[in-house]
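Read off the chains here:
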Amino acid sequence: MLTVKPAQKVRIGIETPSGQILQFYSYIKKIESDRLLLVFSEKKAQIAKYLKEGTLIKISIYTATGILLQDSIILSEPVNFEFEVEFGKSRKRIQRRKYFRVEVNYRMIIEQMNNPFTVLTCDISGGGIRFICDSKLFPAEAKAKLYIPEHKDAVVFTGIIEQKSYFKDNEYIIKFKNIQEYERNRIIQKCMELEAKNLRED
């Protein structure tokens, strides 16, 4: 089941008077039975002129395990970068296995063949982590600990290391193989927090 809740990212698609399709991101601030209160960055202020009451839009709500798509309508024009949109029952659910990624540099320890390596992440997601390692790693299973600064304990998991053909020589990705859902959710929550911060700064 895909759950809609505050702080989730929402992509808005709207057609401008000139026929151009404009897309931008906002976040859910409040949920009511038939509507959502959304907020967008002050740096996107130029978008407000297109958000007129009664305008038809398309919304895509990004949850941890899928995307909800819906045709919607703007119910109230922006005030302090907040506006309301219709949120009904007729929406399409897209289940997905992949999770959206967020660029961030965290310390991580990879242990392969009893050899520990301290590496730096490039991006993280609920499905895996891309990272930089100056030592040669093999495309095989490895143990790992991810250190999130605000968290007391490291996120512990095992995964499969891969190196894509388009990666740099010292660039790898570890895809989760064995990870507790609690640990995965810690990463997903951090991704959401970072995305919300990025939106405010955009």
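Bear in mind the structure is a predicted one, so any value in this text is a computation, not a measurement.

**Q** Would you mind going over the pattern of salt bridges in detail, with residue names and values included?
**A** A side chain with one charge can pair with a side chain of the opposite charge if their charged atoms come near. Applying the stated criterion across every chain yields a total of 13 salt bridges. Linking Glu 171 and Arg 130 is a salt bridge whose minimum nitrogen-to-oxygen distance equals 2.4 Å. Of the two residues, Glu 171 sits in strand S14 (residues 171-178) while Arg 130 sits in strand S11 (residues 128-132), which places them 41 residues apart along the sequence. According to the relative accessible area criterion, Arg 130 is buried, its value standing at 19%. The residue Glu 183 makes a salt bridge to Arg 186 at a minimum N-O spacing of 2.7 Å. Linking Glu 183 with Arg 186, this pair stays in helix H1 (residues 181-201), spanning 3 residues, or about one helical turn. Pair check on accessibility: Glu 183 and Arg 186 agree, each one buried. Residues participating in the shared-partner salt-bridge network are Asp 34, Arg 35 and Glu 84.

**Q** So what about the environment of Tyr 25? Which residues, and what values?
**A** As for its position among the elements, Tyr 25 is in strand S2 (residues 21-31). The exposure class assigned to Tyr 25 is partly exposed, which follows from its relative accessible area of 35%. Sequence separation between Tyr 25 and Leu 38 is 13 residues, and the spatial gap between their C-alpha atoms is 9.7 Å.

**Q** Describe the nonpolar core, and please don't skip the residues or the numbers.
**A** One finds Met 108, Ile 110, Phe 131, Leu 146, Phe 157 and Ile 174 to be the most contacted residues of the largest nonpolar core, which totals 29 residues. When residues of this core are assigned to their parent elements, the largest contribution, 5 residues, is made by H1. Listed in part, the 20 residues of the second largest apolar core include Leu 36, Leu 38, Phe 40 and Ile 59.

**Q** Describe the packing of aromatic side chains, and please don't skip the residues or the numbers.
**A** Using the criterion set out here, one finds 7 aromatic pairs in the structure. Between Phe 40 and Phe 81 the ring centres are 5.6 Å apart and the planes differ by 85 degrees, which places this aromatic pair in the edge-to-face class. Of this pair, Phe 40 sits in the loop between strand S3 (35-39) and strand S4 (56-62) while Phe 81 sits in the loop between strand S5 (66-79) and strand S6 (82-86), placing them 41 residues apart in sequence. A relative accessible area of 4% means that Phe 40 is categorised as buried. For Phe 81, a relative accessible area of 27% gives the class partly exposed. Ring centres 5.2 Å apart and planes at 90 degrees place the aromatic pair Tyr 166 and Phe 167 in the edge-to-face group. Overall, Phe 167 belongs to the buried group, its relative accessible area being 12%. One aromatic cluster is present, built from ring pairs that chain together Phe 24, Phe 40, Phe 81 and Phe 83. Taking the ring centre of Tyr 25 as reference, the NZ or CZ of Lys 9 above it sits at 4.8 Å.

Reading the values: the criteria
- Residues numbered from 1 in each chain as written.
- Predicted model: local features only at pLDDT ≥ 70, side-chain atom pairs only at ≥ 80, totals over all residues.
- Heavy atoms only, no water.
- Salt bridge = Lys/Arg side-chain N within 4 Å of Asp/Glu carboxyl O.
- Helix = DSSP H or I, 4+ residues; strand = E, 2+ residues; numbered from the N terminus.
- Buried < 20%, exposed > 50% of the residue type's maximum accessible area, 1.4 Å probe, protein only.
- Core = buried A, V, L, I, M, F, W, Y, C linked by side-chain atoms within 4.5 Å.
- Phe/Tyr/Trp six-rings, centres within 6.5 Å; stacked < 30°, edge-to-face > 60°.
- Lys NZ or Arg CZ within 6 Å of the ring centre and 35° of its normal.

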